[in-house]
Structures are given as C-alpha cells and as structure tokens.
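An overview of the molecular structure
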Amino acid sequence: QLSPTLYDATCPSALNTIRMGIRNAVSRERRMAASLMRLHFHDCFVQGCDVSILLDDSSSIDSEKNALPNFKSARGFDVIDSVKSQLERVCPGVVSCADIVAVAARDASFAVIGGPSWTVKLGRRDSTAASRSLAENLPSFTDGLDKLISTFATKGLNARDLVALSGAHTIGQAQCAFFRDRIYNIKAILMLDSRALEGFKNLIQKKGLLASDQVLFSGGSTDSIVDEYSKNPSKFKSDFGHD
Ligand code: HEM
C-alpha cells in the first residue's frame, strides 16, 4: 500500500533531505534537474519504478545502464547514491532508492525549476533484478507517432500523457547524434533548454529538436493536444503531474 505520508513517523526528515540533496546537485549543475527526471522515466518504463536502472553489471545482472537508450546517456546516479547515503545515516534501512528517484524527479521539476508538481506515493520496493532487453525497448527518437502511442499504451498511458510527458524535453540536453538529421534538414538549431511552453510552440513552428517530439505535431491525432498545451500552461502542468 503506497502512501505519501509513509515516512512521516519512520523518517520524518526524509523528504526534506531529498529536496536539499537535489537542490544542491542542481545548483552545482543545472542540467541535473533534467537528467533526474529522465532517470525516473527510464526507470519506470522498465519493470515499473523499482530502480532496476541503478543496478550495475554482475554475474546475475545484465545492467540496464548498458542498453542503448541509457548508455552514456542516463545520468544522475551519483546524486541518487549520495542522497541515499545521507538518508542511511539518519534512518538506516528505511527509505528505498525507488522512492528517492521518484521524489527526486518531482523535486527537480517543481522545487528546483518551477515546473509541474505531483504527489509522490511512497513505499516502492527496490528491485534486485534488471532487464536490459526491456530497456532496449524504451521509446526511440526515430519512432513514428503510432509507435510512440502504442509503446505508451503498454504502460497504461494515453496519447495525451505522451504529449504532456514529452514536454519534459523543454529542458535538458540531447547529444548531437539524436538531432543531427533535423538540424541539417531543417536548420532548427535550438537547445532543449528553451523552457516550459516554448517547447510546444516550437513544435507548432516545426522546430522540435527531436524527431519523436516533432511527430507529435505533424498532421496527426496529437496536433490538437500540442496546440492546447501551447496556449494553456497550467493545463500542461496539471496533466504532466496527474496520476
Ligand atoms: C516519447 C518518447 C521519448 C523519446 C523518443 C525520448 C528520447 C530522448 C533522447 C534521444 C534524448 C537525448 C538523450 C541524450 O542526448 O543522451 C532525451 C533527453 C531527455 N528526455 Fe526524453 N524521450 C522520450 C520521452 C521522455 C519522457 C516521457 C521524459 C520525462 C517525463 C523525458 C525526459 C527527457 C529529459 C529531461 C531529457 C534531457 C536529459 C538530460 O539533459 O540529461 N523524455 N530523450
């Protein structure tokens, strides 16, 4: 049974410790806010939000870190490790890493960059097994709209969720390989860092950085959702954060 107040009695300083840890990490490197949000997404899409993504290679683990969508790309592991060791000092064995990653993503979004917020239900258990092969199936920037919609549907997420969550691409960075073709083809040089709703406006002007973002506004079924979010920031924020 997950509950937002799970640690109130057993580790009252847990949420505060996580928030301060994330705040410090982001003040050292602003991009870390984006990286922590993406880490949560890449964790949850594979076996659920169980931090299987944190497990390193071993005789029994084929690490998800080596799957193509994560390799030299997923970041933030040190930040999570350091918050975990702080919490182990104050309340040993109480707060799961799965909860830390989930709260870190929320805090990175809201407390640090003023983005959407949501209530995190606590009590997730840490996995002792990883699935590199499932991680290989994380959505790709080359996926078309139908593929993106169907991949999200396998996680109980609809097209509206796809568009709202893709709004996360208004922050952070992408390596050149992921958008090279788009720059050469359409000369759309813009960083993901253009912030919040500018991201949806960029899609409407066909300046999406990743092809998988631009397909959300390309004459298909999700155009109207992009249009709606570009005009209504608070709707985007509430949809991004809803259960
Ligand atoms: C819809 C399917 C998605 C695709 C195809 C996709 C693909 C990508 C790619 C290719 C990058 C660049 C990675 C790199 O350069 O190493 C990226 C970055 C990022 N993605 Fe996604 N993504 C998707 C959905 C999401 C979702 C749902 C979220 C979170 C809610 C998210 C959050 C981010 C963030 C924050 C970054 C920047 C990370 C950083 O700067 O460290 N993405 N994504």
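Look up: the structure comes first, before these words.
Below is a short write-up of the structure. Please read these numbers as outputs of a predicted model, since none were measured by experiment.

Rules used throughout
- Residues numbered from 1 in each chain as written.
- Predicted model: local features only at pLDDT ≥ 70, side-chain atom pairs only at ≥ 80, totals over all residues.
- Heavy atoms only, no water.
- Core = buried A, V, L, I, M, F, W, Y, C linked by side-chain atoms within 4.5 Å.
- Buried < 20%, exposed > 50% of the residue type's maximum accessible area, 1.4 Å probe, protein only.
- Helix = DSSP H or I, 4+ residues; strand = E, 2+ residues; numbered from the N terminus.
- Domains from an automatic or database assignment.
- Contact = heavy atoms within 4.5 Å.
- Phe/Tyr/Trp six-rings, centres within 6.5 Å; stacked < 30°, edge-to-face > 60°.
- Lys NZ or Arg CZ within 6 Å of the ring centre and 35° of its normal.

Some points on the nonpolar core
General note: in soluble globular proteins, nonpolar side chains tend to be found buried as a group. Counting residues in each nonpolar core, the largest one holds 55 residues, and the members touching the most others are Ile22, Leu36, Leu54, Ile80 and Leu87. In terms of residue count, the dominant contributor to this core is helix H5 (residues 97–112) (nine residues). There are two domains that each give this core at least three residues, and those are domain 1 (14–135) and domain 2 (145–240). The contact partners of Ile80, leaving out residues within four places of it in the chain, are Leu36, Leu39, Leu54, Ile100, Val101 and Ala104.

Structural notes on the environment of Gly167
Note on placement: Gly167 falls in the loop between helix H8 (159–166) and helix H9 (176–186). Along the sequence, Gly167 and Lys237 sit 70 residues apart, while their C-alpha atoms lie 9.3 Å from each other. Each residue touching Gly167, except ones within four places of it in the same chain, is listed here: Phe200 and Phe236.

Overview of the packing of aromatic side chains
Each pair of aromatic rings is reported with the distance of its centres and the angle of its planes. For the structure shown, the criterion picks out six aromatic pairs. Taken together, Trp118, Tyr229, Phe236 and Phe240 form an aromatic cluster joined through their ring pairs. Sitting over the face of the ring of Phe45, Lys155 holds its NZ or CZ atom 5.5 Å from the ring centroid.

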